[in-house]
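# Working through the structure, step by step
Below are the chains, spelled out letter by letter.
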Amino acid sequence: MKLSELIQGLEVTIQGDANCIIKGVSTIQEAEPNRIAFLMNPAYRKFLATTKASAVILTEAEAKNCPVTAVITSNPYYVYAKIAAYFDNHPKTLAGIHPTVVIGKDCKVSPTASVGPHCVLGDGVTLGDHVVLGAGCVIGEYTEIGDQTRLDANVTLYHRIKVGKRVLILSGAVIGSDGFGLAKSKGSWHRVPQLGTVILEDDVEVGANTTIDRGAIDNTVISKGVKLDNQIQIGHNVYIGENTAIAGCVGIAGSSTIGKNCMMGGGSGMAGHVTLGDNVVVTGMTGVTKSLLEPGVYSGFPPVPNAEWRKTQARISRLKQLTDRIKALEAILEGEKNI
Amino acid sequence: MKLSELIQGLEVTIQGDANCIIKGVSTIQEAEPNRIAFLMNPAYRKFLATTKASAVILTEAEAKNCPVTAVITSNPYYVYAKIAAYFDNHPKTLAGIHPTVVIGKDCKVSPTASVGPHCVLGDGVTLGDHVVLGAGCVIGEYTEIGDQTRLDANVTLYHRIKVGKRVLILSGAVIGSDGFGLAKSKGSWHRVPQLGTVILEDDVEVGANTTIDRGAIDNTVISKGVKLDNQIQIGHNVYIGENTAIAGCVGIAGSSTIGKNCMMGGGSGMAGHVTLGDNVVVTGMTGVTKSLLEPGVYSGFPPVPNAEWRKTQARISRLKQLTDRIKALEAILEGEKNI
Amino acid sequence: MKLSELIQGLEVTIQGDANCIIKGVSTIQEAEPNRIAFLMNPAYRKFLATTKASAVILTEAEAKNCPVTAVITSNPYYVYAKIAAYFDNHPKTLAGIHPTVVIGKDCKVSPTASVGPHCVLGDGVTLGDHVVLGAGCVIGEYTEIGDQTRLDANVTLYHRIKVGKRVLILSGAVIGSDGFGLAKSKGSWHRVPQLGTVILEDDVEVGANTTIDRGAIDNTVISKGVKLDNQIQIGHNVYIGENTAIAGCVGIAGSSTIGKNCMMGGGSGMAGHVTLGDNVVVTGMTGVTKSLLEPGVYSGFPPVPNAEWRKTQARISRLKQLTDRIKALEAILEGEKNI
């Protein structure tokens, strides 16, 4: 394709040959001719002068050093994402229900939906326009899935879940399993019925093998635009605000609340019944044991502002010196005593 | 339903109208009329005076402040669990084997069992009375499942697993996969055959996407009444004692032993070949690197009694002050020297 | 079987009766007659004198105290692994494609491959000789699986994945899901197309419910002989070198590189864009936030050499004493001032 076609609708300026032919994307350091690359991370700036790419997406500040055609934008990674979509080789699906699918009563399946082999739909399931279900998905009774939502193979949705539009759920994810609600009586645990459901609003993404429990009384809510990576566990009655992004292997205990535009690093965890305010960032492997309401970056267990955590880590690494200084003081005073 | 019907068989006292109509459950703060709520956590006591619920389950101490019908018990959460069960909307299943199921030779399936679409049963599988298998479950050869056990959709049980009665396994769980046994020879790893199995005793619960490996020589054993949350990993030859409860995202390495009535918080981990005694509580994100035999609450990495851990965390947060005090002492002594 | 048959091809010396009958394996402490056990961990040496096993696999140093037939080798665990394989009771599979399998166009399935019930193969899938797919596996378009590779039930492979020979993938694993690539524009996240794939080289093992994301531009590569336990998350564009072993619940963020012959303990994590050199060992629950290029054992968060980490932990546990020593010094100087 011509570069000029790829950039249609994007807010970019071309420096160089807008008609160059682009056959695919590449990293800036390994690009061959007719590839387009992007430059965002300064660590890769050193590869710009010698890149073999036919075009590079970059900021105005970098463009003056670009030896090939430059696609200039304030947000190179976003422009890259839009251009890369032209070269996506994900399998295309055809509308229709595979003959091996088992469908319950009173389902409403859009004629433009695609339901893969061996899927199972319970009674009363609704699938919107252009919904795609990969092979082996199981959709519980009365669950509703909005337009253009895609479930990859082997996803499990329990009963009465509400999934918005343009949602993406990767393989192995489980949505709507019973929360971990247990009441102890006479030395043994008794299950507490989990009567709420899960609501995934529009544009939510759920990673592979991620699990989201249904609410105990009210619902578990994942708001519009939330992005969840793989292997995340979300407990019952959790609320996550719009456009929050959570990396892999995070666990969120029940009844916790996370604000809008938050980010949680990989392997971090959050206790139950606590709150993150809007715009809070929690770094990887942090243990959130208490509410963090002010915007900012937090680390540690229990969490403190990241700058403070870094200082504390540095102090811990200097404990030997601290001990040595005390020893020196003790020696001086011991010496004084002996004089 | 009338309240008097809901409480049949429960050890409770009614203060107010035993004939009030209850149509569902609710939280105390958001209840509408004809709902029943419960009060257990003191943080929610402030909502009691203004609740719109028709009845509230609470302790005798709280009952005097209850403006509506009170269901008085020493264990409100347990009584709530029993009453909430009347309003459970989990799909009902019919006995029988779906025509898409693939069954091996010599299986014994109770006529009251329900086997969902696209399940696969290996040779010699036994399913007890009222067993329910959700869609897409795969049950390995010679695995036995006891009466009234329920597997949700897309559960995988390997061969020769023994599952007790009234066990509940949520979607995506994998039971009986080969343990991580590797022997190194000439620089590369060789798989050690895993010849044991997994035993899930009666009343065990296994969360979504939780994995339990089969034993290497002996078995992996999950005792009666153990409750496992989602995304837990249990290594080969682990033994877990009765009524222990483990929260999400916990990893237990091989050949470790956990006593009765223990609790492990979310994201905690346990090294191999170590032991937790009975009644040990490990808080969230704790790393159990050594045996903890005495009952108590433990935290940290390596773990210490929780009270000690809290003090240590407080001391770490005061490291700056400690350093400042040393500096002050040094300054005094430096001053003395100069005199 | 006779012991002499079991040891064929192994570099061992027999002390005692090479013709003794072995009917199975056991632990050294619980063995009954006609069982073979092994002794590797010194903690179990105390059971040797009284073992009822008919033969024990052990080193020359231990053999002099062996009261029964000794199988002498420098690597008892490896020899045990080879002998135990004779007693493996994993189900045998028959070549052929189950009639419930759904196969796309232009697939190349070896006549010696075994494809279990309800599997789904996309267009252009290749399965080598003696490949075994358990029930319910979904294999994406143009994915290639090498000879003698085994996938257990309910494994999901996305499109265009390359799997080598003798690879083992346990149930619930997901290979080739889209990486967590997001570009922010005007306050919301936009998905970055993930155009690379995943390459699993020969002799790789992947545990139950482990997830491996496909590359964003280049590929995610798991080299020959790498062993991954359960519930691991591998981000996009990660490279793992030959014969590295990673324990359960580990998370590796995108674009990180791990060398050859490394080991990562359970629950450890690794940030994105960092590197582990060859022969690096990271202990359990370590958080790798920076590159560790020199061989050695590392612990902590951020990681330091294990010996240093242990000393620091000891110093932290002595913080009270440190504070007390400062107090004592302050008291002395305060006393001096008052004189």
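Residues numbered from 1 in each chain as written. Chains lettered and ligands numbered in written order. Predicted model: local features only at pLDDT ≥ 70, side-chain atom pairs only at ≥ 80, totals over all residues. Heavy atoms only, no water.

### A few points about the overall build of chain A
- Scanning chain A from terminus to terminus reveals five helices and 38 strands.
- At 26 Å, chain A has a C-alpha radius of gyration far larger than the 20 Å of a compact globule built from 339 residues.
- In terms of overall dimensions, chain A has a C-alpha envelope of 100 × 75 × 30 Å along the principal axes.
- In chain A, buried positions account for 56% of the 339 residues.
- Residue pairs at least 24 apart in sequence account for 17% of intrachain contacts in chain A once pairs closer than 6 positions are excluded.
- Accessible surface, chain A as shown: approximately 13500 Å² in total, 52% of it carbon and sulfur.
- Measuring between centres, the 32 positive side-chain charges of chain A sit 5 Å from its 31 negative side-chain charges. (Helix = DSSP H or I, 4+ residues; strand = E, 2+ residues; numbered from the N terminus. Rg over C-alpha atoms; globule rule 2.2 N^0.38 Å. Buried < 20%, exposed > 50% of the residue type's maximum accessible area, 1.4 Å probe, protein only. Contact = heavy atoms within 4.5 Å. Areas by Shrake-Rupley, 256 points an atom, 1.4 Å probe, with all protein chains shown as cover. Lys, Arg positive; Asp, Glu negative; His and termini not counted. Charge placed at Lys NZ, Arg CZ, Asp CG, Glu CD.)

### Thoughts on the relation of the copies chain B and chain A
- Taken as rigid bodies, chain B and chain A are interconverted by a rotation of 120° and an axial shift of 0.0 Å, the fit giving an RMSD of 0.1 Å. In symmetry terms, the pair is related by a three-fold rotation axis. (Least-squares fit on C-alpha atoms with pLDDT ≥ 70 in both.)

### Some details on helix H5 (residues 319-338) of chain C
- Along its 20 residues, H5 of chain C runs 28 Å from first to last C-alpha, staying within 8% of the 28 Å computed at 1.5 Å per residue.
- Those residues of H5 of chain C that sit buried are Leu319, Leu322, Thr323, Ile326, Leu329 and Leu333 of chain C. When H5 of chain C is viewed along its axis, its buried side chains cluster within an angular range of 120° and face the same direction.
- The inward-facing, buried residues of H5 of chain C abut helix H5 (319-338) of chain A, helix H4 (306-317) and helix H5 (319-338) of chain B together with helix H4 (306-317) of chain C. (Expected span 1.5 Å × (residues − 1). Arc of directions from axis to C-beta.)

### Regarding the interface of chain B and chain A
- Chain B puts 66 residues into the contact, and the matching count from chain A is 65 residues.
- Summed over both partners, the interface of chain B with chain A comes to about 5000 Å²; 63% of that surface belongs to carbon and sulfur atoms.
- The tally of links from chain B across to chain A stands at three salt bridges.
- A salt bridge links Arg325 of chain A to Glu330 of chain B; the shortest N-O distance between them is 2.8 Å.
- The interface formed by chain B and chain A contains 19 residue pairs in polar contact (both at pLDDT 80 or more).
- Breaking the side of chain B that touches chain A down by element, the ones donating at least two residues are helix H3 (76-84), strand S26 (227-228), strand S29 (245-246), H4 and H5 of chain B. (Buried area = accessible area lost by both parts, 1.4 Å probe. Salt bridge = Lys/Arg side-chain N within 4 Å of Asp/Glu carboxyl O. Polar contact = N/O pair within 3.5 Å; in protein donor to acceptor, adjacent residues only side chain to side chain.)

### A few points about the side chain of Asn306 of chain B
- Tracing the sequence through the fold places Asn306 of chain B in helix H4.
- Within polar-contact distance, the side chain of Asn306 of chain B engages the side chain of Arg310 of chain B at 2.8 Å.

### Quick look at the interface of chain A and chain C
- In this assembly, 66 residues from chain A lie in contact with 65 residues from chain C.
- Buried area between chain A and chain C, both sides added, is near 5000 Å², and the carbon and sulfur share of it is 63%.
- Seen at the junction of chain A and chain C, the total is three salt bridges.
- Along the contact surface separating chain A from chain C lie 19 residue pairs in polar contact (both at pLDDT 80 or more).

### Here's the deal with the confidence of the model for chain A
- The pLDDT averaged across chain A works out to 96; a share of 100% of its residues lies at or above 70.
- Of the two predicted TM-score estimates for the complex, the pTM is 0.96 and the ipTM is 0.96. (pLDDT = per-residue confidence, 0-100.)

### Looking at the sheet that holds strand S36 (residues 287-288) of chain C
Residue and element names in this part refer to chain C.
- The strand order across the open sheet formed by 10 strands is S7-S10-S13-S16-S19-S24-S27-S30-S33-S36, and the pairing between neighbours is parallel. In this open sheet, the two edge strands, each paired with only one partner strand, are strand S7 (102-103) and S36.
- For strand S27 (residues 233-234) and strand S30 (residues 251-252), the ladder comprises two bridges, and the chain directions are parallel. Paired with Ile234 across the strands is Ile252, a residue of S30. (Pairing = 2+ DSSP bridges.)

### Here we look at the packing of H5 of chain A against H5 of chain B
- Running from amino to carboxyl end, H5 of chain A crosses H5 of chain B at an angle of 35°, the nearest separation of the two axes being 11 Å. Like other packed secondary-structure pairs, H5 of chain A and H5 of chain B cross with a definite hand, here left-handed. Touching Leu319, Leu322, Arg325, Ile326, Leu329, Ile332, Leu333 and Glu336 of chain A of H5 of chain A are Leu319, Leu322, Thr323, Ile326, Lys327, Leu329, Glu330, Leu333 and Glu336 of chain B, all from H5 of chain B.
- Here the contact of H5 of chain A with H5 of chain B is composed, by residue class, of 11 nonpolar, one polar and five charged. (Axes fitted to C-alpha atoms, helices over the stretch in contact; angles between N-to-C directions. Left-handed = near helix turned anticlockwise from the far one by under 90°. Nonpolar A, V, L, I, M, F, W, Y, C, P; charged D, E, K, R; others polar.)

### Observations concerning the pattern of salt bridges
All names here are of chain A.
- Taken as a whole and judged by the stated rule, the model has 36 salt bridges over all chains.
- Residue Arg166 pairs with Asp202 through a salt bridge whose shortest N-O separation is 3.9 Å. With a gap of 36 residues between them, Arg166 in the loop between strand S17 (162-163) and strand S18 (168-169) and Asp202 in the loop between strand S22 (198-200) and strand S23 (205-206) connect regions that are remote in the sequence.
- On the accessibility criterion, Arg166 (38% relative accessible area) is partly exposed.
- Residue classification places Asp202 among the partly exposed positions, given a relative accessible area of 25%.

### Comments concerning unusual backbone geometry
- Looking along the chain, the bond that leaves Phe301 of chain A and enters Pro302 of chain A is cis, with omega of 0°.
- Here Pro302 of chain A shows up in the loop between strand S37 (296-300) and strand S38 (303-305).
- Unusually for a residue other than glycine, Arg160 of chain B sits at a positive phi of about 65°.
- Tracing the sequence through the fold places Arg160 of chain B in the loop between strand S16 (156-157) and strand S17 (162-163).
- Positive phi outside glycine occurs at Gln148 of chain C, with the angle close to 65°.
- Secondary-structure assignment places Gln148 of chain C in the loop between strand S14 (144-145) and strand S15 (150-151).

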